[in-house]
Amino acid sequence: MYTSEYNGYCTGNAENQKALKKLIKQGVKYATDHDIYVIIDWHILSDGNPNTYKAESKKFFQEMSKAFAKNTNVIYEICNEPNGGTSWKDIKSYAESVISVIRKNDKDAVVIVGTPNWSQYVNEAAKNPITKYKNVMYALHFYAATHQDDLRKTMQDAIDGGLPIFVTEFGICDASGNGAINKDQANKWIKALDKNN
């Protein structure tokens, strides 16, 4: 769910917020009915820094984690794709604040935290991970025609250092999504993901 774009949750009106929450709740029901996991994704993009709408995020995740506290299939991605030079320090501060709200309702749900530069700098999170809470993972995104050996090495180094990583978005094309399919690099990525479970 976008926070800012396309009449996003934080920039649309109250009616729009209500419709988006209904859509999310339907999505969770559909996933639950089919025995699959579902990610509730607070997708920042043009806002870049998750602290821009931190108050709205805390209120949203308080409501969602209360509604789905008994679900074992709901995963919370609390800041998908921080960008625009947002630092890990800013992201970590935001994440600890939002996770505290979720943990009041759900002690065990997996929470995924985005990393700087559109969820690519997992190395920065690896140097200073969140230690206050358990069941926290860190997002990595790749597009195979753009992100290759260097980003795979960054990922592997972070994993080897003990950081739990969840690839929540990827493609086999370039980062723009406009083509340049690279099956060879895509296969290298899938092999690396399989190797690391």
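Placed above this text is the structure.
Parameters at a glance
- Residues numbered from 1 in each chain as written.
- Predicted model: local features only at pLDDT ≥ 70, side-chain atom pairs only at ≥ 80, totals over all residues.
- Heavy atoms only, no water.
- Helix = DSSP H or I, 4+ residues; strand = E, 2+ residues; numbered from the N terminus.
- Rg over C-alpha atoms; globule rule 2.2 N^0.38 Å.
- Buried < 20%, exposed > 50% of the residue type's maximum accessible area, 1.4 Å probe, protein only.
- Contact = heavy atoms within 4.5 Å.
- Areas by Shrake-Rupley, 256 points an atom, 1.4 Å probe, with all protein chains shown as cover.
- Core = buried A, V, L, I, M, F, W, Y, C linked by side-chain atoms within 4.5 Å.
- Pairing = 2+ DSSP bridges.
- Right-handed = clockwise from strand over helix to strand, strands pointing away.
- Axes fitted to C-alpha atoms, helices over the stretch in contact; angles between N-to-C directions.
- Parallel < 35°, antiparallel > 145°, perpendicular 65-115°, else oblique.
- Nonpolar A, V, L, I, M, F, W, Y, C, P; charged D, E, K, R; others polar.
- Polar contact = N/O pair within 3.5 Å; in protein donor to acceptor, adjacent residues only side chain to side chain.
- Salt bridge = Lys/Arg side-chain N within 4 Å of Asp/Glu carboxyl O.

Peer 1: Quick question: what am I supposed to make of the overall build of the protein chain here?
Peer 2: Within the protein chain one finds seven helices and five strands. In sequence order, the protein chain lays out its α and β elements as α-β-α-β-α-β-α-α-β-α-β-α. In summary, the protein chain has a C-alpha radius of gyration of 17 Å against a globular reference of 16 Å for 197 residues, a match within 12%. Counting all 197 residues of the protein chain, 46% fall into the buried class. Summarising the internal contacts of the protein chain: among those between residues at least 6 apart in sequence, 74% fall at separations of at least 24. With the model as given, the accessible surface of the protein chain reaches about 10,300 Å², and the carbon-plus-sulfur share is 50%.

Peer 1: So what exactly am I meant to see when it comes to the nonpolar core here?
Peer 2: Within soluble globular proteins, side chains that are nonpolar generally end up buried alongside one another. Ile-40, Trp-42, Phe-60, Phe-61, Tyr-76, Ile-78 and Val-113 are the most contacted members of the largest nonpolar core, which totals 47 residues. By residue number, the principal contributor to this core is helix α3 (residues 88–105), which donates seven residues. Leave out the neighbours within four places in its chain, and Ile-78 touches Trp-42, Ser-57, Phe-61, Tyr-94, Ala-95, Val-98, Ile-99, Ile-102, Val-111, Ile-112 and Val-113.

Peer 1: I tried to follow the pairing of strand β4 (residues 136–143) on my own but got confused; where do I start?
Peer 2: Put simply, side chains in a regular strand alternate between the two faces of the sheet. Within β4, seven of the eight residues are buried, which leaves it mostly tucked inside the rest of the structure. Two strands pair when backbone bridges link them, and strand β3 (residues 111–113) and β4 are joined in this way by three bridges, in the parallel orientation. Paired with Val-111 across the two strands is Val-136, which belongs to β4. Here β4 pairs with strand β5 (residues 165–171) via six bridges, running parallel. Counted as the bridge partner of Phe-142 is Phe-170 from β5. With helix α6 (residues 149–160) bridging β4 and the parallel β5, this β-α-β connection has right-handed handedness.

Peer 1: When you look at the packing of α6 against helix α7 (residues 183–195) in this model, what are you seeing that I'm missing?
Peer 2: Axes are the key here: two packed helices are described by the angle between their axes and the distance separating the axes. Orientation of α6 relative to α7, taken along the N-to-C sense of each, is 5 degrees, at an axis distance of 11 Å. Considered as vectors, α6 and α7 are oriented roughly parallel to each other. Counting all contacts with α6, which are made through Asp-149, Leu-151, Arg-152, Met-155 and Gln-156, the residues of α7 involved are Gln-185, Lys-188, Trp-189, Ala-192, Leu-193 and Lys-195. Split by residue class, the contact of α6 with α7 holds five nonpolar, two polar and four charged.

Peer 1: Honestly, the sheet that holds β3 in this entry has me stumped. Any pointers?
Peer 2: Each strand in a sheet pairs with its neighbour through backbone hydrogen bonds, running either in the same direction (parallel) or in the opposite one (antiparallel). The strand order across the open sheet built from five strands is β1-β2-β3-β4-β5, with neighbouring strands paired in parallel fashion. If you trace the sheet from one side to the other, it starts and ends with β1 (38–43) and β5, each paired once. Strand after strand, the sheet turns through a mean of 30 degrees between neighbouring axes, direction not considered. In the packing of helix α2 (residues 54–67) onto the sheet, contacts are made with β1 and β2 (74–80), and the angle to β1 comes to roughly 165 degrees.

Peer 1: Whenever I open this one, the side chain of Lys-21 confuses me. Can you help?
Peer 2: One can find Lys-21 in helix α1 (residues 14–33). Among the polar contacts made by the side chain of Lys-21, one reaches the side chain of Glu-63 at a distance of 3.0 Å.

Peer 1: What's the story with the pattern of salt bridges in this structure? I'm lost.
Peer 2: When the charged atoms of two side chains with opposite charge come close together, those side chains can pair. Taken as a whole and assessed by the stated rule, the structure comprises six salt bridges. Across the salt bridge formed by Lys-21 and Glu-63, the nearest N and O atoms sit 3.0 Å from each other. Of this pair, Lys-21 sits in helix α1 while Glu-63 sits in helix α2; the two residues are 42 residues apart in sequence, bridging distant segments of the chain. With a relative accessible area of 18%, Lys-21 lands in the buried category. We classify Glu-63 as partly exposed; its relative accessible area is 26%. Linking Asp-33 and Lys-29 is a salt bridge whose minimum nitrogen-to-oxygen distance equals 2.6 Å. Taken together, the positions of Asp-33 and Lys-29, both in helix α1 and four residues apart, correspond to about one turn of that helix. Through salt bridges with shared partners, one network takes in Lys-21, Lys-25 and Glu-63.

Function cannot be read off these values alone, since they describe shape.
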